Amino acid sequence: MKITLNPNYVLKNDDGCVLLIGKRLLVDDDTSDDSVISVIHPFHAMILSFVNGDEYDNILDKVSEQLQISREKVKKFIDPLIENTKPVGPLYKNIQLGFPKNTIIKSNQKKLTSYNINDFKYDYIDMRLKRHKTPSNIILMINNKCATNCIYCYADKRHPTDCKIPLVRIKEIIAEARSLNAVNFNLIGGEVFFVQKMERIIKNLFGI
Ligand code: SF4
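Every value quoted in this text rests on a predicted model; they were computed, and no experiment measured them.

Student: Before we move on, can you summarise the packing of aromatic side chains with the specific residues and values?
Tutor: Applying the stated criterion across every chain, the model contains 2 aromatic pairs. Here the aromatic rings of Phe 77 and Phe 99 are separated by 5.5 Å at their centres, their planes lie at 75 degrees, and the arrangement is edge-to-face. With Phe 77 in helix α3 (residues 71-78) and Phe 99 in the loop between β7 (95-96) and β8 (104-106), this residue pair connects regions lying 22 residues apart in the sequence. We note that Phe 77, like Phe 99, is buried.

Student: Can you tell me about the nonpolar core, naming the residues and giving the values?
Tutor: Ile 3, Leu 11, Ile 40, Leu 48, Ile 78 and Ile 104 are the most contacted members of the largest nonpolar core, which totals 28 residues. No other element matches helix α2 (residues 56-67), which puts 5 residues into this core. In this view, Ile 3 contacts Val 51, Asn 52, Gly 53, Asp 54, Tyr 56, Ile 59, Ile 78, Ile 82, Ile 104, Ile 105, Lys 106 and Ser 107; residues no more than four positions away in its chain are not counted. With 14 residues, the next largest nonpolar core counts Ile 142, Cys 163, Ala 177 and Val 195 among its residues.

Student: Just give me the short version of the domain arrangement of the chain, but keep the residues and values in it.
Tutor: Here the chain is partitioned into domain 1 (2-120) and domain 2 (137-205). For domain 1 and domain 2, the distance between their C-alpha centroids amounts to 32 Å. On the domain 1 side of the contact with domain 2, Val 10, Lys 12 and Arg 24 bury the most area, a combined 66% of that side's loss. Linking domain 1 with domain 2 are 0 salt bridges, by the criterion used here. Along the contact surface separating domain 1 from domain 2 lie 2 residue pairs in polar contact (both at pLDDT 80 or more). If you list the elements that add at least two residues to the side of domain 1 that touches domain 2, you get β2 (9-13) and β3 (18-22). No other element matches β2, which puts 3 residues into the side of domain 1 that touches domain 2. Looking at the side of domain 1 that touches domain 2, its residues break down into 4 nonpolar, 1 polar and 3 charged.

Student: Explain the packing of α2 against α3 to me, using residue names and the numbers behind them.
Tutor: Packing of α2 against α3 leaves a shortest axis separation of 9 Å and a crossing angle of 120 degrees. By the angle class used here, α2 and α3 are oblique. In the packing of α2 onto α3, the handedness of the crossing is right-handed. For the pair α2 and α3, the contacting residues are Tyr 56, Asp 57, Ile 59, Leu 60, Asp 61, Val 63 and Ser 64 in the first and Arg 71, Val 74, Lys 75 and Ile 78 in the second.

Student: Summarise the pattern of salt bridges; cite the residues concerned and give the values.
Tutor: Counted by the stated rule, this structure contains 11 salt bridges. Ionic pairing is found between Arg 71 and Asp 61, a salt bridge with its closest N-O pair at 2.8 Å. Within this pair, whereas Arg 71 is found in helix α3, its partner Asp 61 is found in helix α2, the two being separated by 10 residues in sequence. With relative accessibility at 28%, the residue Arg 71 sits in the partly exposed group.

Student: Give me the sheet that holds strand β4 (residues 37-40): which residues, what numbers.
Tutor: Pairing is antiparallel across the open sheet formed by 3 strands, whose spatial order is β2-β3-β4. Because the sheet does not close on itself, it has two edges, and the strands there are β2 and β4. Taken over all neighbouring pairs, the strand axes of this sheet differ in orientation by 25 degrees on average, direction set aside. Pairing analysis gives 5 bridges linking β2 to β3, with the strands arranged antiparallel. For Asn 13, the partnering residue across the bridge sits in β3 and is Val 18. Contacts from helix α1 (residues 42-49) reach β2, β3 and β4, with the element oriented near 105 degrees to β4.

Student: Tell me about the site of the ligand, residues and numbers included.
Tutor: Cys 146, Thr 148, Asn 149, Cys 150, Cys 153, Lys 157 and Gly 190 make up every residue found near the ligand. Along the lines of polarity and charge, the residues of the shell around the ligand split into 3 nonpolar, 3 polar and 1 charged.

Student: Account for the sheet that holds strand β5 (residues 52-55), with residues named and values stated.
Tutor: Spatially, β5-β1-β8 is the arrangement adopted by the 3 strands of the open sheet, whose pairing is antiparallel. The sheet terminates laterally at β5 and β8, the two strands that pair on one side only. Each adjacent strand pair in this sheet contributes to an overall mean axis angle of 30 degrees, direction not counted. Where strand β1 (residues 2-5) and β8 come together, 3 bridges link them in antiparallel fashion.

Cut-off values and rules
Residues numbered from 1 in each chain as written. Predicted model: local features only at pLDDT ≥ 70, side-chain atom pairs only at ≥ 80, totals over all residues. Heavy atoms only, no water. Phe/Tyr/Trp six-rings, centres within 6.5 Å; stacked < 30°, edge-to-face > 60°. Helix = DSSP H or I, 4+ residues; strand = E, 2+ residues; numbered from the N terminus. Buried < 20%, exposed > 50% of the residue type's maximum accessible area, 1.4 Å probe, protein only. Core = buried A, V, L, I, M, F, W, Y, C linked by side-chain atoms within 4.5 Å. Contact = heavy atoms within 4.5 Å. Domains from an automatic or database assignment. Buried area = accessible area lost by both parts, 1.4 Å probe. Salt bridge = Lys/Arg side-chain N within 4 Å of Asp/Glu carboxyl O. Polar contact = N/O pair within 3.5 Å; in protein donor to acceptor, adjacent residues only side chain to side chain. Nonpolar A, V, L, I, M, F, W, Y, C, P; charged D, E, K, R; others polar. Axes fitted to C-alpha atoms, helices over the stretch in contact; angles between N-to-C directions. Parallel < 35°, antiparallel > 145°, perpendicular 65-115°, else oblique. Left-handed = near helix turned anticlockwise from the far one by under 90°. Pairing = 2+ DSSP bridges. Near = heavy atom within 4 Å.

What follows is the structure, encoded as structure tokens:
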């Protein structure tokens with residue numbers, strides 16, 4: 001059996017802890033919880049870094065060998081998270097501490113997720129609920145020009161503005177969002193397709 005960390009969840013470094021965040025998907029998908037923002041221990045994130053589409057037994061062996069814990073302890077941690085139908089871990093002030101449904105899924109695809117255990121080696125642990133260190137949901141409002149005039153429009157169009165941000169800077173912003181493991185990057189206007197470089201921006205967003 002091959003298993004992987006559900007690719008609809010992202011592990012993200014924070015201040016003394018790791019956040020496990022659900023991606024907002026464009027289509028309905030009940031195999032994950034897109035609203036979850038969970039605080040997990042960095043050591044658990046290190047274990048999950050090995051859960052990347054490899055055979056179950058190989059993963060147990062690798063974690064046990066590299067993190068110097070018994071195979072039984074690794075199994076005890078991983079097994080309840082494989083296709084778990086309910087969250088595993090306590091709720092605290094309506095925030096899930098622990099692991100959402102289907103944290104780990106069975107998969108025949110190799111390397112659906114890719115994390116490095118060294119990214120989760122911290123000098124200190126701080127599992128308190130607090131403001132996150134970096135943004136996870138990023139909105140780039142690229143212009144406010146639009147051909148229509150919806151009554152519910154959120155854009156302040158009193159001073160119509162074209163996109164003045166150079167393409168190279170937009171690419172830097174997208175790269176920075178990726179490096180922060182942001183789970184959503186929303187590109188909004190106005191009418192974004194008024195921006196001539198939009199095709200290149202979208203290709204960059206999708207890594208084409
Ligand atoms: S920016 Fe969006 S909401 Fe506002 S008028 Fe244009 S289409 Fe409508």
